[in-house]
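# Residue-level structure breakdown
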Amino acid sequence: MDASFQLYSARNGGSWADTLKLLADLGYTQVEGFGGSYEDPAAFKALLDANGLSMPSGHFFPVGSFEDGLEQSLDTARTLGMNRVFCPAPEDDLRTDTPDLAAWKAIAARLETAAKKVKDAGFAFGWHNHHWEFMGDSPAMDILLTEAPSIDWEMDVAWVVRGGGDPLEWIEKYRGRITTAHIKDIARAGECLDEDGWADVGQGTMDWAGIMQALRAAGVDLFVMEHDKPSDIERFAKRSIEAFKGY
């Protein structure tokens, strides 16, 4: 099973041409897009093709990208060859450790409306979590997946942990809804402070062997390597794909 790479991880890594060549040379065959790679979709698709890479998935932010901005988002997705698209985060007012459940219900309603339009256009559509969705006694993730039954879940497993959740419990609870997973690691206490406490895959505290087994058993078929703030893109990309191959 091939690994994908979230290009947000390389946003500070120089030209996209050099980054894509690096990833291809390391053995990646897929990447996941984000806003910073959509400036000229046709030109970016040419770079992907030149390096033997595909982009099966992409992030589009904010939720309005699937409302007033729907046609532009879908045109970008088509040009780049995606088959699944995700909204990666809520607006700023929901980025809090004390969740506003009514506001999350409103987001869920918007996502459910958007899901029908995106699916009618031939794409899978879902939500990508951070830690906010798992804070408090009534996790917003439950609200999103209950109130928006048509959306998939791209599970960012390390953010689940940072939000205080048990990833194995969440995987079991929503097996069948999780189609895609972000694979990244959490550093040991006191390490990688310049990288916001994230680690290269296989270098941190996450039990990736057990988690990967659970994800595969739950039907996940796309695994995306990510690091939110790597100090060395090549190091992160190389270590992560090597570790992934062992899980």
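For the structure, see preceding data.
Anyway, here's the lowdown on the structure attached to this text. (Residues numbered from 1 in each chain as written. Predicted model: local features only at pLDDT ≥ 70, side-chain atom pairs only at ≥ 80, totals over all residues. Heavy atoms only, no water.)

## Examining the packing of helix α1 (residues 16–26) against helix α2 (residues 41–50)
So the rule is basically this: Only the stretch in contact is used when a helix axis is fitted, and all axes are lines through C-alpha atoms; the angle between N-to-C directions ranges over 0 to 180 degrees. Strands here are runs of E lasting at least two residues and helices are runs of H or I lasting at least four, both read from the DSSP assignment and numbered beginning at the N terminus. Roughly parallel covers angles under 35 degrees, roughly antiparallel covers those over 145, roughly perpendicular covers 65 to 115, and oblique covers all other angles. Each helix crossing is assigned a hand: it is left-handed if the near helix lies turned anticlockwise from the far helix by less than a right angle, otherwise right-handed if that turn is clockwise. Note on contacts: a residue pair is in contact if any heavy atoms of the two residues lie within 4.5 Å. Gly is put with the polar residues, along with every residue not named as nonpolar or charged; the nonpolar set is Ala, Val, Leu, Ile, Met, Phe, Trp, Tyr, Cys and Pro, and the charged set is Asp, Glu, Lys and Arg.
Running from N to C, α1 and α2 point in directions that differ by 30°, and their axes come no closer than 9 Å. Looking at the two axes, α1 sits roughly parallel to α2. For the pair α1 and α2, the crossing hand works out as right-handed. Residues Trp16, Ala17 and Leu20 of α1 lie in contact with α2, whose contacting residues are Phe44, Leu47 and Leu48. Here the contact of α1 with α2 is composed, by residue class, of 6 nonpolar, no polar and no charged.

## Quick look at the pattern of salt bridges
A side chain of one charge can pair with a side chain of the opposite charge when the charged atoms of the two come close. Filter applied, for reference: Within this document, salt bridges are pairs made up of a side-chain nitrogen of Lys or Arg and a carboxyl oxygen of Asp or Glu, the two lying within 4 Å of each other. Only protein chains enter the calculation, and the probe is 1.4 Å; a residue is then buried if its accessible area is under 20% of its type maximum, exposed if over 50%, and partly exposed in between.
Within this structure, the stated rule accounts for 17 salt bridges. A salt bridge links Arg84 to Asp221; the shortest N-O distance between them is 3.0 Å. Residue Arg84 is found in strand β4 (residues 84–87), and its partner Asp221 is found in the loop between α8 (208–217) and β10 (222–225); the two are separated by 137 residues along the sequence. Asp221 gets classed as partly exposed once you look at its relative accessible area, which sits at 45%. Here the salt bridges do not stand alone but share partners, grouping Asp156, Lys184, Glu226 and Asp228 into one network.

Coordinates in, geometry out; function isn't part of it.
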